[in-house]
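# Examining the three-dimensional arrangement
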Amino acid sequence: MATEKEVFIRKASGLTRVISAWDALIYAFCNPGILYCMLYITWGPWAVGPGADMPWSVLTVFMLLPIQALYWLFSVSMPRSGGEYLYVSRIISPAFGLFASWTLTIVGISWTGQCTTWMINYGIGGMFWNGGVLARDPNLLNIGHLLGDTSLIQYGGTPETAAIISAIATASLASTFYIMYRGAKASMRLQWICTTIATIGLLCFVAIAWTAGQTVFINNINTIWSDPTIQASGYFAYTSYGAYLTDVIGAGYPGHPEIIGTIFAGTAYVNLNTLGSTYTTSAAGEIKGVTFAQGLALLGSIIMFMGYWELFYGSAYVATGSEFWWGIGYAESAGLDYAAFGTMANGIIVAPYLSNNPVLVWFVAFGFVGATYGSVLGMSFGPVRNMFAWSFDGVLPNWWNKVDRRGSPWVSVLAGGIIAWAFAMIYTWTSLLMLILWTITVWFIGWVIVGIAGIVFPYRRKDIFEKSPELVKKKIGSIPVVSILGALTAGISAFTVWVTLAPSFVYGWGIDPLSLGGTVLFLVVCPFVLYYAAYFYRKSKGVPMDLRFKEIPPD
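Each value, and the rule that gives it
- Residues numbered from 1 in each chain as written.
- Predicted model: local features only at pLDDT ≥ 70, side-chain atom pairs only at ≥ 80, totals over all residues.
- Heavy atoms only, no water.
- Helix = DSSP H or I, 4+ residues; strand = E, 2+ residues; numbered from the N terminus.
- Contact = heavy atoms within 4.5 Å.
- Core = buried A, V, L, I, M, F, W, Y, C linked by side-chain atoms within 4.5 Å.
- Buried < 20%, exposed > 50% of the residue type's maximum accessible area, 1.4 Å probe, protein only.
- Expected span 1.5 Å × (residues − 1).
- Axes fitted to C-alpha atoms, helices over the stretch in contact; angles between N-to-C directions.
- Parallel < 35°, antiparallel > 145°, perpendicular 65-115°, else oblique.
- Left-handed = near helix turned anticlockwise from the far one by under 90°.
- Nonpolar A, V, L, I, M, F, W, Y, C, P; charged D, E, K, R; others polar.
- Patch = residues over 30% accessible without salt bridge, like charges linked within 9 Å, V, L, I, M, F, W, Y side chains within 5 Å.
- Areas by Shrake-Rupley, 256 points an atom, 1.4 Å probe, with all protein chains shown as cover.
- Salt bridge = Lys/Arg side-chain N within 4 Å of Asp/Glu carboxyl O.
- Polar contact = N/O pair within 3.5 Å; in protein donor to acceptor, adjacent residues only side chain to side chain.
- Disulfide = S-S within 2.5 Å.

Checked against the element boundaries, Ser 277 lands in the loop between helix 14 (259-270) and helix 15 (279-282). Setting aside its immediate chain neighbours within four residues, Ser 277 contacts Ala 28, Asn 31, Gln 68, Leu 298, Ser 301 and Ile 302.

Structural data, given as structure tokens:
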């Protein structure tokens, strides 16, 4: 067998282990976003589960524990950068390793761009909008409307408003990737700061929710909507909550929650919000004490996530009455929410109907901004390490894995920033990324492959398995635990793929072939083309690329 020096372009990755176990926990917790529950309380029922009861839907997160555990064992066995790319490429094949990693990497970076726009639309826009509602100020309402999602071309925005959103998104992404360029320590500090801001925002929502209640909520709606000043702004079509509720019932709301809708909304839109937690394995080459740190991060972040989301959903249901949220999917489908609230109802927008305290209401929206800013960095921090790993194996050009004196993979960071910016512009100026649901479909297709790798790991790469720490080699009877977790991961992931497609058949919504086909083709075909192009190019130069996949990369 060739020596390590002959196989890899250098004897060390250049990355340094500077991330502590607690840093890793907060990083895993931040991704994709601590407070997206404020949006998904509406989007889940609207997109996949009419009548969904969101507090119950959070329990579907338990489905992901086997997947988290599988990643934990993999990262303990192979504690290097690259995550699922490293595991699948060494166990099954390099091409499938790149495919599994490509889906999670490109989707993560695309969410970086897309969610930067969410931060502007729902966070910053919400701050102005809620200020306008409380103060009955048409000027603040106009700014909130300008920065809201109605500024996007796909929702009827004009080129002028889209240009404003584009400029803000560009500045925000530039600051995000500059912090990432500063290195892992700077990135982790930002995660702590953003988590703190998000927690304050959540607690402010809880405070106004539990001190309000359904009667206060309805009375405030009736008072605000009937105010001549606010009606003159032209954004509100109802003057009473009763009239709005009558139309919601007319839109099909049956008056009770739906079990199927709850399962669908939880599987697709709640579980979606835990997916970035596995990015700690993408950065495993920079984490200290990997066995404890990855276990704490991968499993602890899920527990924290469920606590935060149950706190928000439970408080929201207490504050408004559960009927309000059960009917929201039907209201959205009929376009009633935009007519009633001036923009899509969500956890941010309902805040001024729960309290007239401007500080508490402002902090709810500011908490969402903080949570989202932290998440957009996190959703690229791990993926750029994946691109680094691709390059270290020769799939991308060698210059792609350059590392500066701080241990920052700056070329990969720069490339991630450009890709994220491109996705932000696509989301702002077109409707191509309107349905984030399809990216969930492809993500879980990638996890089916990761699950299969777990099943066969002890048998196809017995050399790596036998050298792994005892934790990885545990068995139940004669069956390795890692194989059992692999089977559960493959099964759960296949089920989730079905759930993302099922609503189109269950509710007769149909599937947009261009949106689904384009997403799948881009995320499935590209990695195979890229790998074989690199393979034959390296082979023509006499580079032993095959040998690299027989080894774990140097630390």
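Having seen it, we continue.
As a rule of thumb, soluble globular proteins bury nonpolar side chains together. Ranked by size, the top nonpolar core spans 181 residues in total, and within it Tyr 40, Trp 225, Tyr 244, Trp 309, Phe 324 and Phe 341 carry the most contacts. Those residues within four positions of Tyr 244 in sequence are excluded, and the remaining contacts are Trp 225, Tyr 238, Phe 324, Ile 328, Ala 331, Leu 336, Asp 337, Ala 340 and Phe 341.

The next point concerns helix 21 (residues 410-429). A rise of 1.5 Å per residue sets the reference length of helix 21, with its 20 residues, at 28 Å; its end C-alpha atoms lie 29 Å apart and thus fit the reference within 8%. Among all positions of helix 21, only Val 411, Ser 412, Val 413, Ala 415, Gly 416, Gly 417, Ala 420, Phe 423, Ala 424, Met 425, Tyr 427 and Thr 428 are buried. Buried residues along helix 21 sit in contact with helix 7 (94-135), helix 9 (159-181) and helix 20 (358-393).

Taken N-terminus to C-terminus, the directions of helix 2 (residues 21-30) and helix 16 (residues 290-320) make an angle of 40°; their axes are 8 Å apart at the nearest point. Classified by the interaxial angle, the pair formed by helix 2 and helix 16 is oblique. Considering only the axes of helix 2 and helix 16, their crossing is right-handed. Side by side, helix 2 and helix 16 meet where Ala 21, Trp 22, Ala 24, Leu 25, Ile 26, Ala 28 and Phe 29 of the first sit next to Phe 292, Ala 293, Leu 296, Ala 297, Gly 300, Ser 301, Met 304, Phe 305 and Tyr 308 of the second. Considered class by class, the residues forming the contact of helix 2 with helix 16 number 14 nonpolar, two polar and no charged.

A few words on a nonpolar patch on the surface. A cluster of nonpolar side chains, Tyr 178, Tyr 181, Trp 410, Leu 414 and Ile 418, forms an exposed patch at the surface whose accessible area comes to about 510 Å². If one sorts the elements of the nonpolar patch by residue count, helix 21 sits on top with three residues. Tracing the chain through its elements places Ile 418 in helix 21. Assessed through its relative accessible area of 52%, Ile 418 is described here as exposed.

With 23 residues, helix 9 should reach 33 Å at 1.5 Å per residue; the first-to-last C-alpha distance of 32 Å fits that figure. Gly 183 sits one or two residues past helix 9 and shows a positive phi near 120°.

With phi around 55°, Arg 136 is a residue other than glycine that occupies positive phi space. Its place among the elements puts Arg 136 in the loop between helix 7 and helix 8 (138-147).

Next up on the list: the packing of helix 5 (residues 65-77) against helix 6 (residues 84-91). At a minimum axis distance of 10 Å, the contact between helix 5 and helix 6 shows a crossing angle of 75°. The angle between the axes of helix 5 and helix 6 places the two elements in the roughly perpendicular class. Residues Tyr 71, Phe 74 and Ser 75 of helix 5 pack against Glu 84, Tyr 87 and Ile 91 of helix 6. In terms of residue class, the contact of helix 5 with helix 6 is made up of four nonpolar, one polar and one charged.

Examined against the element boundaries, Asn 346 turns out to sit in the loop between helix 19 (336-341) and helix 20. Residue Asn 346 is classed as buried on the basis of its relative accessible area of 3%. A polar atom in the side chain of Asn 346 sits 2.9 Å from the backbone nitrogen of Ile 348. Only 2.9 Å separates the side chain of Asn 346 from the backbone nitrogen of Ile 349, close enough to count as a polar contact.

Time to look at the state of the cysteines. Using the criterion set out here, one finds zero disulfides in the structure. No disulfide involves Cys 37; its sulfur sits 13 Å from the nearest other cysteine sulfur, which is in Cys 30. We note that Cys 194 lacks a disulfide partner, and the nearest cysteine sulfur, in Cys 30, lies 6.7 Å from it. Under the relative-accessibility criterion, Cys 194 is labelled buried at 4%.

Following the criterion strictly, the structure yields eight salt bridges and no others. A salt bridge links Asp 555 to Arg 17; its shortest N-O distance comes to 3.0 Å. Linking Asp 555 in the segment after helix 26 (545-548) with Arg 17 in the loop between helix 1 (4-7) and helix 2, this pair joins segments that are 538 residues apart in sequence. Residue class for Asp 555 comes out partly exposed when judged on its relative accessible area of 39%. Residue Arg 90 is joined to Asp 393 by a salt bridge in which the shortest nitrogen-to-oxygen separation is 2.7 Å. Separated by 303 residues along the polypeptide, Arg 90 in helix 6 and Asp 393 in helix 20 bring together distant segments of the chain. The exposure class assigned to Asp 393 is buried, which follows from its relative accessible area of 1%.

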